[in-house]
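What follows is the residue order along each chain.
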Amino acid sequence: MLTRRSLAALGALPLLPAAARAQAFPARELTGIIMWGAGGATDVVARALTPPAERALGQSIVLQNRPGGAGAISVQAVATASADGHTLLYGAENPQLHKVLGLGQRDYADFFPVNVTARGVAVVVANKDKPWTSMNDVVAEAQRTPGRLKMGATGPGGLPHVVGAMINTVTQMRVIAVPFDGEGPGLTALQGGHVDFMPVGLGAAAEHIRAGRVKPLAVVNTEPVPTLPGVAPITADLPGMARLLPWGPFYGVWVRRDVPEAARTRLAAAFREAAATEAFTTLMGNAGNIMMNISGDEADAFLRRWQSVTAWTLQEAGAARRSPEEFGIPRP
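Residues numbered from 1 in each chain as written. Predicted model: local features only at pLDDT ≥ 70, side-chain atom pairs only at ≥ 80, totals over all residues. Heavy atoms only, no water.

Asker: Even after reading the chapter, I still don't get the overall build of the chain, so can you show me in this structure?
Answerer: The secondary structure content of the chain amounts to eleven helices and eleven strands. Its C-alpha radius of gyration of 22 Å places the chain within 12% of the 20 Å reference for a compact globule of 332 residues. If one aligns the C-alpha atoms of the chain with their principal axes, the spans along those axes are about 95 × 45 × 30 Å. Within the chain, the fraction of its 332 residues that count as buried is 52%. A separation of at least 24 residues holds for 77% of the contacts in the chain among residues at least 6 apart in sequence. When the accessible surface of the chain is totalled, it reaches about 14300 Å², and 53% of it is carbon and sulfur. (Helix = DSSP H or I, 4+ residues; strand = E, 2+ residues; numbered from the N terminus. Rg over C-alpha atoms; globule rule 2.2 N^0.38 Å. Buried < 20%, exposed > 50% of the residue type's maximum accessible area, 1.4 Å probe, protein only. Contact = heavy atoms within 4.5 Å. Areas by Shrake-Rupley, 256 points an atom, 1.4 Å probe, with all protein chains shown as cover.)

See the structure below:
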């Protein structure tokens, strides 16, 4: 005869497989697709964040650099991967501009923000042999010789493209944009004299600046940055840019939005723990980045605000191919 206790136990049995699956995630090693090439700020953040995340998850994460299309190639790779949470996108800000720049139809609304880790400050750096000492010097030479100076870039929607658009809202500076697969290769080309200057994330340029391999001209900020003493804010030479600032790149980890909730929760907890480690926060501080360590709804709100401000800035500068209004992106 079945007792009340036996019936209760039988009733609980169907729940066990689901609970076991939730506890088992991740069931195997994960793949982490890095949006930009080796040596850039996104790559640096990804490779520093991954070891403590692996410890928290109890599984390894195999990292792959998959640059191209200003991030569109890696976005598509993760969007079409299995929705089981085992494929991660290590990205930066670029997908939030893909629609207005005609690069793709996906942005971070299609993904769950596991962790928006940190936001950075951009810095304009030049080849160390250039005579320039300020942003005004670059603008003056660009205006004397329009279309001659070469600016390192990472394609439409990349940080150099956005900073260039911001500059052109307040002054005319016609230069040749030379694209590279990320800030790392661009900085290498800058050191070799193949380009003259480049706006980059401070996280990517910090070590090169400290070693004297590139010359900092201005931080894209309204105030000096403590990690770059003596380097003026760009508003010292271009005060009209103050209305567009603060602005900067950001870095994080995403999965498909339709990954099961249990997996999303586990990933968010693991990466929150990883981003809070002393080694990682120290690295971010030394690179001039500002820690965020947010996920879920809080991260989604930040992402929407960033997209609104930046997409409409590009529209005003004449750099957007399609109006933000077409995609329901509200004015800031």
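Having seen it, we continue.
Asker: So what exactly am I meant to see when it comes to the pairing of strand β10 (residues 250–256) here?
Answerer: Among the seven residues that make up β10, six are buried, leaving the element largely enclosed by the rest of the structure. In this structure, strand β3 (residues 87–91) lies alongside β10, joined through three bridges in antiparallel fashion. Within β10, the residue paired with tyrosine 90 across the bridge is valine 253. Taken together, the seven bridges between strand β4 (residues 111–119) and β10 define a ladder with antiparallel strand orientation. Within β10, the position partnered with phenylalanine 111 by the bridge is arginine 256. (Pairing = 2+ DSSP bridges.)

Asker: What exactly am I supposed to notice about the environment of isoleucine 176 here?
Answerer: Here isoleucine 176 is to be found in strand β7 (residues 176–179). Among the residues examined, isoleucine 176 registers a relative accessible area of 36% and is labelled partly exposed. Isoleucine 176 sits 47 residues away from glutamate 223 along the chain, and the two C-alpha atoms are 28 Å apart.

Asker: Is there a simple way to explain the confidence of the model for the chain in this structure?
Answerer: Any segment with low pLDDT has predicted coordinates that should not be analysed in fine detail. The predicted model of the chain has a mean per-residue pLDDT of 91, with 93% of residues at 70 or higher. Predicted confidence for residues 4–22 stays below pLDDT 50, and this span has three contacts to residues more than four positions away or in other chains. (pLDDT = per-residue confidence, 0-100.)

Asker: What should I look at first to understand the sheet that holds β10 in this one?
Answerer: The strands that make up a sheet are held in pairs by hydrogen bonds between backbone atoms, and each pair lies either parallel or antiparallel. Taken together, the six strands give an open sheet; going across it, the order is β2-β1-β3-β10-β4-β11, and neighbouring strands pair in mixed fashion. The open sheet has two free edges, formed respectively by β2 (61–65) and β11 (290–294), since each of these has just one partner strand. This sheet shows a mean twist of 20 degrees between the axes of neighbouring strands, independent of strand direction. Relative to β3, strand β1 (residues 30–34) runs parallel, the two sharing four bridges. Looking at β3, one finds that isoleucine 34 is bridged to tyrosine 90. Sheet strands touched by helix α4 (residues 72–79): β1, β3, β4 and β10. Its angle to β3, the strand with the most contacts, is close to 160 degrees. (Axes fitted to C-alpha atoms, helices over the stretch in contact; angles between N-to-C directions.)

Asker: What is the right way to look at unusual backbone geometry in this model?
Answerer: Both trends apply: most residues other than glycine have a negative phi, and most peptide bonds are in trans. The residue after phenylalanine 25, namely proline 26, is reached through a cis peptide bond having omega -5 degrees. Its place among the elements puts proline 26 in the loop between α2 (15–24) and β1. Along the chain, leucine 245 connects to proline 246 via a cis peptide bond; the corresponding omega equals 5 degrees. Tracing the chain through its elements places proline 246 in the loop between β9 (214–219) and β10. A positive phi angle is found at asparagine 293, which is not glycine, with a value near 55 degrees. The residue asparagine 293 is located in strand β11 in this model. Accessibility expressed as a relative area gives 21% for asparagine 293, which makes it partly exposed.

Asker: Can you help me understand helix α9 (residues 261–275) in this one?
Answerer: Since the α-helix turns once every 3.6 residues, residues separated by three or four places project in the same direction. Given a rise of 1.5 Å per residue, 15 residues ought to cover 21 Å, and the 21 Å separating the end C-alpha atoms of α9 matches this to within 8%. Along α9, the residues classified as buried are Ala263, Leu267, Ala268, Ala270, Phe271, Ala274 and Ala275. (Expected span 1.5 Å × (residues − 1).)

Asker: Please clarify how helix α3 (residues 41–57) should be interpreted in this entry.
Answerer: Over its 17 residues, α3 extends 24 Å from the first C-alpha to the last, a length consistent with the 24 Å expected when each residue adds 1.5 Å. Maximum bend of α3: about 35 degrees, positioned at threonine 50, with proline proline 51 one to four residues after it. Every buried residue of α3 is accounted for by Ala41, Thr42, Asp43, Val45, Ala46, Leu49, Thr50, Pro52, Ala53, Ala56 and Leu57. Following α3 by one or two positions, glycine 58 has its phi on the positive side, about 75 degrees. (Bend = angle between axes of the 7 residues up to and from the residue.)

Asker: Can you walk me through the packing of aromatic side chains in this structure?
Answerer: Two aromatic rings are characterised by how far apart their centres lie and by the angle between their planes. Under the defined criterion, the tally for this structure stands at seven aromatic pairs. Their ring planes at 5 degrees and their centres at 3.9 Å tell us that tyrosine 108 and tryptophan 254 sit as a pair that is stacked. Taken as a pair, tyrosine 108 in the loop between β3 and β4 and tryptophan 254 in strand β10 lie far apart in primary sequence, 146 residues in all. For the pair tyrosine 108 and tryptophan 254, one class covers both residues: buried. (Phe/Tyr/Trp six-rings, centres within 6.5 Å; stacked < 30°, edge-to-face > 60°.)

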